[in-house]
Amino acid sequence: MQELKQKYDWKMTQLMKAAKSGTKDGLEKTKIAVMRKVTFLHRREAPGDSDEEDTGFLEVTVSDMKHPPPELGPMPEGLSPQQVVRRHILGSIVQSERSYVDSLKRILQDYRNPLMEMEPKVLSARKCQVVFFRLKEILQCHSMFQIALASRVAEWDSAEKIGDLFVASFSKSMVLDVYSDYVNNFTTAMSLIKKACLTKPAFLDFLKKRQMASTDRVTLYGLMVKPIQRFPQFILLLQDMLKNTPKGHADRLSLQLALTELETLAEKLNEQKRLADQVAEIQQLSKSISDRSSLNKLLSSGQRQLLLCETLTETVYGDRGQLIKSKERKVFLLNDMLVCANINFKGQLEISSLVPLGPKYVVKWSTALPQVQVVEVGQESGTYDKDNVVIHNAGAKRHVPAGQASHNKVYLGPPRLFQELQDLQKDLAVVEQITLLISTLHGTYQNLNMTVAQDWCLALQRMMKVKEEEIHSANKCRLRLLLPGKPDKSGRPISVMVVFITPNPLSKISWVNRLHLAKIGLREENQPGWLCPDEDKKSKAPFWCPILSCHMPAFSSKALDLQLGTAVHNPVQSSLLGFSAVSTSLPQGYLWVGGGQEGAGGQVEIFSLNRAVPRTVKSFPVASPVLCMEYIPEGESVEFQPSKEQPSTSPHPTVCLGLQDGSIMVYGSVDTGTQCLLTCKSPGTQPVLCLKHSPEFLFAGLQDGTVAAYPRSNGGLWDPLAHPTRLAVGTGPVQALLTLDETLWASCANHVTVLDATSLRTQQTFEAHPDAEASVTHMIKAGSGVWMAFSLGSSIRLFHTETLEHLQEINIATKTTFVLPGQKHVRVTSLLICQGSLWVGTDQGIIVLLPVPRLEGIPKITGKGMVSLNGHSGPVEFLAVASSTLAPDVLKGDQEEEEEAEEEKPPDLVDPQPREMRKKGILLQYRLRSTSHLPGQLLSVREAPTGAPAAHTEEDGSIYEMADDPDVWVRSRPCSRDAPRKEISSVAIISGGRGYRNFHPESPRRGGDADSALLIWQVPLTL
C-alpha cells in the first residue's frame, strides 16, 4: 500500500507541474494522440456494488489559498478589435468555469456531506453513493483544469493560447470515464431521489430546506444536471474563440483540435444519455403491463429499441365530423411495433418542483408495425380495399349496425372538404357555360359582360385553390393511422382509424418519416444492415444506421454493357408533393447517373427522387463515356465581372458533364427540358477526369496533368469561345479537384497543388503520400480538414486545410476483414462525407462508415465505425449524396398562417357586409375595384344612386367565406408560436457499382448480378 501511495504521489506531483507550467507539452502529446484512435469508455461496475469503487481515482484537495481561481487582469492598451473580443471570450470561460466548480462544491457540501453525516440517516450510505456517484472525481478534474487555466490567464497578453490546454485537460481517459459513469447513472440517481421523496418525508423536507436556504433557489436536480450541460457550453465558447482567431495564429490549430475533442466527448455522452432515457421509458412502459402478457415479454427481451415517443392528442369524431372527445396519449414507436398508452400522473405533485416526475402508463393498444398505415385526408381510396375492409372510427359509438351500407363512409377530421371542392369544380363548369352564353348577348351592360364573367371564373378557381390549401393544412398536424381490428361476424377484416393531433407540423413529419423508415428497417436486407466491429462483431439495430431503402439497375437499357462513371443530385423543390409524401420520399429533385462503354458511346440516366423509390424520367446517349459530373446551382453570383446588360449568373441550375473524348457538355435541368445549353472541347481534346466550379470559373482536370479554367460569360454560363486558361499541375493525370474557400486543390500523382481560385496562381505544392506511385484519387473536405484516398494501398489520410499538416491515417483493410476475412489488399475507390459520417467505398464492393465530427474542428476519425452488409459485386464506382431542404411554409401551423394573413391585409379595404350576413353564402370576389368604367348600362334591380358611380369593393382580404358551424368544420389544434421556425433536411446516400451483393454469411445473395446497380440509403429526417 505504501508503494502504491508513493506511486500516486509522484503522479500527482507530475500532474501539478504540468498544470502549473501551463501544459506546454499538451499540443505535441495531442498531435501524437490524434494519429492513433482512442477507444471510448470502458464500462465500470455499477455504483454502490463495490466498496472499492473509487480505486484508480486519487482524491486531491485543491486549496483556494495555494491555488487561487483564475483572474483576468486589466486590459492593456493598443489591442486590435479581434484581440479585445478574444479577451472577453476568455473572461466568459473563466467566469463560467468558476460558476460550474462552485455548483459542484455546493452539491457535495450542502447535500452529500450532510446526508452522509446525518443521524438518524434519511438516506443510507449506499444510496448516497449511488445518487452522488462520480461527482467528487468530476470536481477534481475541473479543479486541476482551473489551476492550469489560472496560469494561462496570467500569461494571456503575451502568449494568447488556450486551445492546447483544453485538449490536454479533456482528452484524458479519466475525464471520459468519470463523465461517462455520471451520465450512465443519472437516470438511476433521479429515480432514487424521486422514490425517497415519496416514501421519506424527512428527506423531502431536507431538500426543501436546502433549496430555500440557497440564494438562487436552484434545486438539487438543477445542480446535478449541470455536468450534462457542461461540454455543450464549452463548445459554444470555443466556437466563438475560433471565429475570432485569424488564420496563421499560433492558437488556431489547437482550438480546432480542442473543438473536435469536446464535440466527440459531448456526442458520446449525449448518445449514452439517450440510451439510458430510452431504457428508462421502456422499463416504465413494461411496469404497466402484467408480467404474463406477451407484450411484457417482448419489451423485457432487450431486443426492442425506442425510436420515438411523444404525447399526442387522440381525437374522436362523430359521423358528421363533429369532435366528440379528445384525450392526451403517450405513443411509443418501437423498432417493430407501435404502442399507445394512457397517461396517469398519480402521486404527490408537490415534489415535481424538486425532481422531474415520470408518469405512469396504462397500455391502451399495441400493434405490429407492418400492419400500421398512415392515411392522409383525401388519400383513402388507394390505401385499402374498400369492398372488403370495414373502417370504424376508434372511440366513436357505432349507432349504425355494421351490416348497413353507411358504415364505409366515416367523416374524419375536416369533413366534406372534398365534397365542397367537387361542388366548386361543378360550379366552375356551370359558370364557364354561362360565360359562353354571355358572349352571345347583343346588348352591352356594365356588370354583365365577358370581363365580369371571367372574374367569376377566376374567383372560383381561387376558391378551389384555397380549398386545396385547407385540405393541405388539415393534414399538417393530423396523424391518421389505420390499425387492424378484430374481424366482424361475417369474417371481413375490420380496420380501426385512430386520429392523433401532433403538437406541431414538425412532429407530424417526424412521425410519418420514422414510421416509414422503421418499416423499411424490418426488411431482410436490413436485419442486420451493418456490422459494428467495436461491439465484438455484434450488429447494431438498423434504425440508428442509414437504412438501405432500395437497390435497382443503374441503366434502363439492358442491351448495352454499360459501366458506371459518376452521379450527381440536382435538387428541385416540388410544390406538388403532399405533406406525407414529403416525409416518406427521397430528397426532392433528380439524380443524374452517367457512364458508358470503354471505346464506345456514353449514356446518361435521370431518375426522379420525388417518391419512395426512384423512377427513370429520361435517358439519352452521349458521344463518349461520362467520366465526371458537376451540379451548378441557380444564380451563383459572379462578383468580379458585373455586367449592366445581363446579370452574371447562371439563369437556371445546370449539370456539367465531362467526357472521355475531351468534351464538356452543359445541360439545363429536367424541369426546363434537359436541353444541351453548350458544348466545348478541352485543350488538346484530353479526357476530362474531374470537374469543379467556383463563382468565376469552371475547372476541368485533364489527363495530361493540366487544369483548364473556363471563365463565365455575361449570360452566366461558361464561354465556349473564350480559350480556357491552362494551369500546369504535373505530368500525370489530374484525378481530383477540390474548391476550398478561395483556393482550388488539384492532385497529380502523389502531390497536391493549391491554386488561387481567382488569380489562378499557384500558392504551394505538398506531398500527400510518401510513395510516388500512390496517386491521389479522391479529396473530400469536412470542417478544417481534407480526407484523401490513393490509387495504391488501403489507407486514407487527413490533412489540415490551413497548415497542410498530415494529421491522421486510417487503414480501411482493418474494417473490411470483418466481412471478407483474409482479404488484405484493399483499395479505396470512392469517398463521401455526410452528416458526421465518412463513407468509404472499396474495390471489393464493401462500404465502410466512419464517424467524424460535424463542427469546424479537425475531422479526425473518433470511433471504430461500421461496415455495410449490403454492397456491390465489383468496385464501388461512386458515392453521391442527395439532400434537400423542405420549404419553410410546409412547417407553418394554422395560427401562424392566420396571423401572417392578417399582417398582409391591405389597410384600405373595407368589409361590404356584416359578418353575420356573409355566413349564409359565398361572395365571388371581383378582381376589379369597379365596373363603372366599362361600357353599357348597369344591369341591376335597384337603381344606382344619382351622381354616384356603382362600384364593387373588394373583400377584406379573404377571398371566400366558409360556414362557421362547429359541427361542420373542426380545426386542428394551433401550433405553438414559441417554437422557432426550423428547416428540415432530407438526405439519401447513393452508391454505384457492378451488381448488388449481400455480405451476410447466411445470405443467399452472396454472389450478385453483373449489371451496374444503384444502392440507396436513407437516414431519418434531420429536424
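Just so we're clear, the structure is a prediction, and the values are computed from it rather than from any experiment.

**Considering the packing of aromatic side chains**
Now for step 1: Going through the model one piece at a time under the given rule, you end up with 22 aromatic pairs.
Now for step 2: A centroid spacing of 6.1 Å and a plane angle of 45° characterise the contact between Phe 186 and Tyr 221, whose relative ring orientation is tilted. You can see Phe 186 sitting in helix 8 (residues 173-199) and its partner Tyr 221 sitting in helix 10 (residues 220-224), a full 35 residues away along the chain.
Now for step 3: Relative accessible area serves as the criterion here: at 5%, Phe 186 is assigned to the buried category.
Now for step 4: Cluster of aromatic residues (ring-pair linked, three or more members): Phe 145, Phe 166, Phe 170, Tyr 179, Phe 231 and Phe 234.
Now for step 5: Positioned above the aromatic ring of Phe 234, the side-chain terminus of Arg 230 is 4.0 Å from the ring centre.

**Side note on the confidence of the model for the chain**
Now for step 1: Looking at the chain, the pLDDT average stands at 76 and 72% of residues meet or exceed 70.
Now for step 2: Per-element confidence in the chain is highest for strand 28 (residues 785-790), whose mean pLDDT is 94, and lowest for helix 20 (residues 915-918), whose mean pLDDT is 36.
Now for step 3: In this model residues 637-649 is a low-confidence stretch, pLDDT under 50, and it forms 25 contacts with partners more than four residues away in sequence or in other chains.
Now for step 4: Predicted confidence is poor over residues 898-923, with pLDDT under 50, and the contacts of this stretch with residues over four places away or in other chains come to 33 contacts.

**Observations concerning the sheet that holds strand 13 (residues 602-608)**
Now for step 1: Taken in spatial order, the 4 strands of this open sheet run 11-12-13-14, and their pairing is antiparallel. Whereas interior strands pair on both sides, the edge strands pair on one side only; in this sheet they are strand 11 (563-570) and strand 14 (615-622). On average, adjacent strands in this sheet sit at an angle of 20° to one another, irrespective of strand direction.

**Some remarks on the nonpolar core**
Now for step 1: By size, the foremost hydrophobic cluster in this structure holds 92 residues, and its most contacted members are Ile 162, Phe 166, Met 224, Phe 231, Trp 787, Ile 796 and Leu 838.
Now for step 2: Top contributing element to this core by residue count: helix 8, with 12 residues.

**Structural notes on the state of the cysteines**
Now for step 1: Enumeration according to the criterion identifies 0 disulfides in this entry.
Now for step 2: Lacking any disulfide linkage, Cys 532 is separated from the closest cysteine sulfur, that of Cys 545, by 5.6 Å.

**So, the pattern of salt bridges**
Now for step 1: Counting across every chain of the model gives 21 salt bridges.
Now for step 2: A salt bridge links Arg 86 to Glu 160; the nearest nitrogen and oxygen atoms lie 3.1 Å apart. One end of the pair, Arg 86, is in helix 3 (residues 81-117); the other, Glu 160, is in the loop between helix 6 (156-159) and helix 7 (163-170), and 74 residues separate them in sequence. Taken individually, Arg 86 and Glu 160 each receive the classification buried, so the pair is uniform in this respect.
Now for step 3: As a salt-bridge pair, Glu 97 and Arg 230 come within 2.9 Å of each other at their nearest N and O atoms. Of this pair, Glu 97 sits in helix 3 while Arg 230 is found in helix 11 (residues 226-243), placing the two residues 133 residues apart along the sequence. Considered together, Glu 97 and Arg 230 belong to a single accessibility category, that of buried residues.

**Let's talk about the packing of helix 5 (residues 135-154) against helix 7**
Now for step 1: The geometry of helix 5 relative to helix 7 is characterised by a closest axis approach of 11 Å and an angle of 160° between their N-to-C directions. Taken together, the axis directions place helix 5 and helix 7 in an arrangement best described as roughly antiparallel. In terms of crossing hand, the pair formed by helix 5 and helix 7 is right-handed. In this structure, helix 5 contributes His 142, Phe 145, Ala 148, Leu 149 and Arg 152 to the contact, and helix 7 contributes Asp 164, Leu 165, Phe 166, Ser 169 and Phe 170.
Now for step 2: Grouping the amino acids of the contact of helix 5 with helix 7 by side-chain chemistry returns 6 nonpolar, 2 polar and 2 charged.

**Comments concerning the environment of Lys 360**
Now for step 1: Assignment of secondary structure puts Lys 360 in strand 4 (residues 360-368).
Now for step 2: Along the primary structure Lys 360 and Asn 342 are separated by 18 residues, whereas in three dimensions their C-alpha atoms are 8.4 Å apart.
Now for step 3: With near-sequence residues (within four places) excluded, Lys 360 lies in contact with Gln 284, Asn 342, Ile 343 and Asn 344.

**Structural notes on the environment of Met 788**
Now for step 1: As for its placement among the helices and strands, Met 788 is situated in strand 28.
Now for step 2: The exposure class assigned to Met 788 is buried, which follows from its relative accessible area of 0%.
Now for step 3: Between the C-alpha atom of Met 788 and that of Leu 831, which follows or precedes it by 43 residues, the distance is 8.2 Å.
Now for step 4: Ignoring sequence-local partners within four residues, the contact set of Met 788 consists of Trp 745, Val 752, Phe 766, Ala 768, Val 776, His 778, Met 779, Ile 796, Arg 797, Phe 799 and Leu 831.

Parameters and conventions
Note that residues are indexed from 1 along each chain, following the sequence as it is written. Two thresholds apply to this predicted model, a pLDDT of at least 70 for residue-level local features and 80 or more for giving and counting side-chain atom pairs, whereas whole-chain, interface and lining totals are computed over all residues. The basis for every side-chain value is the complete set of heavy atoms in the structure, and neither hydrogens nor water enter the calculation. Each aromatic pair joins two rings of Phe, Tyr and Trp (for Trp, the six-membered one) with centres within 6.5 Å, and gets the label stacked for planes under 30 degrees apart, edge-to-face for over 60, and tilted for any other angle. Numbering goes from the N terminus for both helices and strands, where a helix is a DSSP run of H or I of at least four residues and a strand is a run of E of at least two. Exposure classes here rest on a 1.4 Å probe applied to the protein chains alone. A residue is buried below 20% of its type maximum, exposed above 50%, and partly exposed in between. Placement of a positive charge over a ring is assigned whenever Lys NZ or Arg CZ falls within 6 Å of the ring centre and within 35 degrees of the normal to the ring plane. Per residue, pLDDT captures the predictor's confidence, and it can take any value from 0 to 100. The criterion used for residue contact is that any of the two residues' heavy atoms lie within 4.5 Å. Pairing between strands requires that DSSP locate at least two bridges from one strand to the other. In this analysis an axis means a line fitted to C-alpha atoms, helices contributing only their contacting stretch, and an angle means the value between N-to-C directions, from 0 to 180 degrees. Residues enter a nonpolar core if they are buried and are Ala, Val, Leu, Ile, Met, Phe, Trp, Tyr or Cys, with the set joined through side-chain atoms within 4.5 Å. Cysteine sulfur atoms are paired as a disulfide whenever they come within 2.5 Å of each other. In what follows, salt bridge is the name for a side-chain nitrogen of Lys or Arg lying within 4 Å of a carboxyl oxygen of Asp or Glu. Relative orientations are named as follows: roughly parallel for angles under 35 degrees, roughly antiparallel for angles over 145 degrees, roughly perpendicular for angles from 65 to 115 degrees, and oblique for any other angle. Handedness of a helix crossing follows the sense of rotation of the near helix relative to the far helix, less than a right angle counterclockwise being left-handed and clockwise being right-handed. Under the convention adopted here, Pro, Cys and the residues Ala, Val, Leu, Ile, Met, Phe, Trp and Tyr are nonpolar, Asp, Glu, Lys and Arg are charged, and Gly plus all remaining residues are polar.

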